[in-house]
Amino acid sequence: MSEEVKEMKKNTGWHKFVREYSIILVAVGLIIVATILGGATFMNGQNFINIFRNNTVLGIIAFGMAFVIITGNIDLSVGTQLVVVGIVLLSVLNATGNIVIALIVAVLFSCGLSAGVGAIITKGRVPSFIVTLGMQYIYRSLAIFILDARGISGEVDAFQQISNYEIGGVFPLPLIYFAVVFFVCFYISKYTVLGRRIYAVGSNERATRLSGINTDKVKIMAFLLMGITVAIATIIEASRMNSINSASSGNGYELNAIAMAVVGGIAMEGGKGHMIGVLFGVIILGVINNILTIVGMNVYLVNAVKGAIIIGAVLLQHKKRD
Amino acid sequence: MEYALKMNSINKGFSGVPVLKNVDFSVEKGKIHALLGENGAGKTTLMNILGGVISMDSGSIELFGDPVKISNPAEAQKNRVAFIHQELNVVNDLFVYENMFLGHELHKGATMDASTMIQKTKEVFERMHVEIDPRAMMGDLQASYKQIVEIAKSVLMDAKLIIMDEPTTSLTQPEVENVFSIMRNLIEEHDVTIIFISHKLGEVVEFCDYYTVLRNGEMVGTHPIKSENGELAKQADIARMMVGKSVMDVEVYKPHEIGEVILKASDLCIEKHVDHVSFDLHAGEILGITGLLGDGKDELVRGLFGDMPFASGTIEKNGKVVKYNHPAKAKKAGIGMLPSNRKENAIIKDLTVMQNMTIVTLDQYKNGLSLSRAKESKVALEYKEKLNIKVDNLANLITSLSGGNQQKVVLAKWLTADPDIMILSNPTQGVDVGAKNEIYGIIMELAKAGMGIIVTSGEAQEILKICDRVLVMYHGVLKGELQRSELSEEAIMILSTGGILD
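These figures come from a predicted structure and were not determined experimentally. (Residues numbered from 1 in each chain as written. Chains lettered and ligands numbered in written order. Predicted model: local features only at pLDDT ≥ 70, side-chain atom pairs only at ≥ 80, totals over all residues. Heavy atoms only, no water.)

Engineer: Please clarify how the overall build of chain A should be interpreted in this entry.
Structural biologist: Secondary structure summary: chain A contains 14 helices and 4 strands in total. What you see for chain A is a C-alpha radius of gyration of 20 Å, in line with the 20 Å of a compact globule of 322 residues. Seen through its principal axes, chain A has C-alpha atoms that stretch 70 × 55 × 35 Å. Looking at chain A as a whole, 52% of its 322 residues qualify as buried. A total accessible area of about 13,600 Å² is found for chain A, and carbon and sulfur atoms account for 68% of it. (Helix = DSSP H or I, 4+ residues; strand = E, 2+ residues; numbered from the N terminus. Rg over C-alpha atoms; globule rule 2.2 N^0.38 Å. Buried < 20%, exposed > 50% of the residue type's maximum accessible area, 1.4 Å probe, protein only. Areas by Shrake-Rupley, 256 points an atom, 1.4 Å probe, with all protein chains shown as cover.)

Engineer: Quick question: what am I supposed to make of the packing of aromatic side chains here?
Structural biologist: Two measures describe an aromatic ring pair: the distance that separates the ring centres and the angle between the ring planes. For the structure on display, the rule yields 12 aromatic pairs over all chains. Site record: aromatic cluster; members linked through ring pairs are Phe-52, Phe-63, Phe-178, Phe-182, Phe-183, Phe-186, Tyr-187 and Tyr-191 of chain A. The residue whose ring lies beneath Arg-484 of chain B is Tyr-253 of chain B, and the NZ or CZ to ring-centre distance is 3.7 Å. (Phe/Tyr/Trp six-rings, centres within 6.5 Å; stacked < 30°, edge-to-face > 60°. Lys NZ or Arg CZ within 6 Å of the ring centre and 35° of its normal.)

Engineer: Quick question: what am I supposed to make of a nonpolar patch on the surface here?
Structural biologist: Residue and element names in this part refer to chain A. A contiguous nonpolar patch, built from Tyr-165, Ile-167, Val-170, Phe-171, Ile-176, Val-180 and Val-184 and spanning about 570 Å² of accessible area, is present on the exposed surface. Considering every element that reaches the nonpolar patch, the biggest residue donor is helix H8 (residues 173-191), with 3 residues. Tracing the chain through its elements places Ile-176 in helix H8. A relative accessible area of 33% places Ile-176 in the partly exposed class. (Patch = residues over 30% accessible without salt bridge, like charges linked within 9 Å, V, L, I, M, F, W, Y side chains within 5 Å. Salt bridge = Lys/Arg side-chain N within 4 Å of Asp/Glu carboxyl O.)

Engineer: I tried to follow the side chain of Thr-192 of chain A on my own but got confused; where do I start?
Structural biologist: Tracing the backbone through its elements, the reader meets Thr-192 of chain A in the loop between H8 and helix H9 (193-203). A residue is classified by how much of its surface remains accessible, and Thr-192 of chain A, at 10% relative accessible area, is buried. A distance of 3.1 Å separates the side chain of Thr-192 of chain A from the backbone nitrogen of Gly-195 of chain A, its partner in a polar contact. Not counting the four nearest positions on each side in its chain, Thr-192 of chain A is found in contact with Tyr-187 of chain A together with Leu-369 and Leu-371 of chain B. (Polar contact = N/O pair within 3.5 Å; in protein donor to acceptor, adjacent residues only side chain to side chain. Contact = heavy atoms within 4.5 Å.)

Engineer: Where do I start with the packing of H8 of chain A against helix H13 (residues 275-294) of chain A in this structure?
Structural biologist: Helix-helix packing is characterised by the crossing angle of the two axes and by the distance between the axes. All names here are of chain A. At their nearest, the axes of H8 and H13 sit 9 Å apart, and the two run at 150° to each other. In this view, H8 runs roughly antiparallel relative to H13, as classed from their interaxial angle. Residues Phe-178, Phe-182, Cys-185, Phe-186 and Ser-189 of H8 lie in contact with H13, whose contacting residues are Met-275, Ile-276, Leu-279 and Val-282. Each residue belonging to the contact of H8 with H13 can be placed in one class, and the counts come to 8 nonpolar, 1 polar and no charged. (Axes fitted to C-alpha atoms, helices over the stretch in contact; angles between N-to-C directions. Parallel < 35°, antiparallel > 145°, perpendicular 65-115°, else oblique. Nonpolar A, V, L, I, M, F, W, Y, C, P; charged D, E, K, R; others polar.)

Engineer: I tried to follow the interface of chain A and chain B on my own but got confused; where do I start?
Structural biologist: For an interface, size is often stated in terms of accessible area lost upon the parts coming together. On the side of chain B, 43 residues touch chain A, which itself brings 32 residues to the contact. Note that Arg-196 of chain A and Glu-376 of chain B form a salt bridge whose closest N and O atoms lie 2.8 Å from each other. Taken together, the connections running from chain A to chain B amount to 15 residue pairs in polar contact (both at pLDDT 80 or more). Going through the elements one at a time, helix H1 (2-10), H8, H9 and helix H10 (205-209) of chain A are the ones with two or more residues in the side of chain A that touches chain B. Split into classes, the residues belonging to the side of chain A that touches chain B amount to 11 nonpolar, 12 polar and 9 charged.

Engineer: Please explain the sheet that holds strand S18 (residues 335-338) of chain B as it appears in this structure.
Structural biologist: Strands belonging to one sheet form pairs held by backbone hydrogen bonds; the direction of such a pair is parallel or antiparallel. Residues and elements named next belong to chain B. Pairing is mixed across the open sheet formed by 6 strands, whose spatial order is S18-S21-S22-S15-S23-S24. Each edge of the sheet is formed by a strand with only one pairing partner; in this case those strands are S18 and strand S24 (477-483). Here the strands of the sheet are splayed against their neighbours by 20° on average, with no regard to which way each runs. In this structure, S18 lies alongside strand S21 (residues 421-425), joined through 4 bridges in parallel fashion. Each bridged residue has a counterpart across the sheet, and for Leu-338 the counterpart in S21 is Leu-424. Where helix H14 (residues 403-415) meets the sheet, it contacts S18 and S21, and its direction lies at approximately 170° from that of S18. (Pairing = 2+ DSSP bridges.)

Structure (structure tokens):
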């Protein structure tokens, strides 16, 4: 009885709001602090555009990562997958001179890699942590080998416009990609059969299987979504710099994306969290980076503060949840 | 009369809803006292107050004649009250002795003092007259021995009052007897008193000394199991006290028409579990499969549902040979399964009641690419009404429901797929008496509508109540088949222990 009553209380009104959206409160709190610290340098439209622009690539990966984590898995290979996909993208671009073909090949290639990872995890019954850790090494090593530790640049000028064109001279296109990816991921997670199954698999895989659902397929689909977001992120990244470096591109992206998802309330054990939370996770990490730069924090200390804020944000959410 | 426990005028409410109303509860020293009531009657709340897990709004507690204040579990332990919870709190990957001392490990310098812990564990087991090797791996023990280790823990802590919350739900009959004989022994030799929370009235009558019934947070009464003239309390009477109306004598079985064979299983084998089992299932038939733990019935039905591969044998459905290597295939072919152990196998805890109900047939609710909330809630509402599921908001989490209502949701999720064969594994596990009868009623209705139903259960009572025909298994082998007219608890027991009927 006690549990029931508590549970009922949790599902109504203010409690539900706090439990579901405490992340928004965290973000608002952070923005207030940032405004106090940074003043007008922080609180202006151009700076907000910058925050989003600087985090488009990571944010888009974070949305894909959220699907994978909700199924109870993880993908540690996305940072180096970005490098491999980027090499393929720029190679095809330079060889064909055709942007559309290059984009299509990049997306298909990235999806193929992710689906392969998903297949090894499900059919081979190897934990995703292990498989994607291994893939991280493989991708990076192959990339460095193929390019001899150098980079590859694009030779089609129009390609750079994908990331660098600004609508009306102020509004960069990547923000639109980011918004579209967010809405699509939000829609899939909340309003489609696949989305529901992804949550079900993460919440109780056994019960989902016994509901006559092919749980392996669901997990592979989640990785496929991850693959698509990685491809989009790669395109944006490669276009912005017009190059991909085999040794340095994508470094640490997987951990940043995981941090955004987790700060956004995606639970590592699976089955919990939503895309709106991830959006705020992206904003929170973006604002942290931004404000630390504005106040001139020693660059060597930036990550320490970031780490502490990540832990703090998740702690706060757990507290609210109880 | 000496009392181990007196709880006086206990009141407790949660956010304004009273769950215990002026409850007086006394337990005589040296007895096994059953605390009974439907889910939500307040038994667990009352015991949680005693165990220091939650606090009471008003009232007083006396332990062995002295007034006490228990505001946290540590204080309960100090007062020598032990609370053994419903779920076994054992760690399978540790040794038995490590489990015994979990959280109270003995040290010798910086290392654990294994030899003393083993010695002390041995002593406790000797005092209880049980033979368990302290160095055995916990995970290798049978369920009843795990339960006994839990009891041994409270003996080790020198508890004088032991609260056991449904300790026997996962045990078979011989295991239950084993646990009770050990409990009896503790009382006689070590001056212990036991409060026993259970839904299994058979056990209560067989093994307990007193019973107290709570209903809707109020005390209904306390009575001895054996009256002064030596008469045993009747299960039907106890059940009536629990639900406030007569339920046990409700005849749930209704004769219904039995049709053609729809499923024919021949020579099914699953390594070590199922040994050349053959049987038919008819449309509109309720076929029981029973036996003791390790009889292979669970594996057999998992095989039928595609959750486990058969090593050999064939299955024909409607005259066609079929093979399912995944539950998804069985579902497509019109077979549904309500699995045993709801929490692990059936409940998707982070989804709502409605989402749990529609998970099996999600594709039905599509509107273009999207799931249509309207279509989903229409079906969910329909089954909420049909199966009388008590939930005020379908958007509540499934975990907010009582066991009986959760089970109805699991049943409903399969009914949405309209299967022609339904496998029900322990359909009333962890379900209170009132809801049990409702579920039996639903099963009857389904059979009447022509569904072929396989019910597996270790509870003979359940099998007797609803089945048209019963298969009894013993160590993977089909030992016998009983028609409804031949059914009796004795016949089932003889066959399931490997005997032969005359």
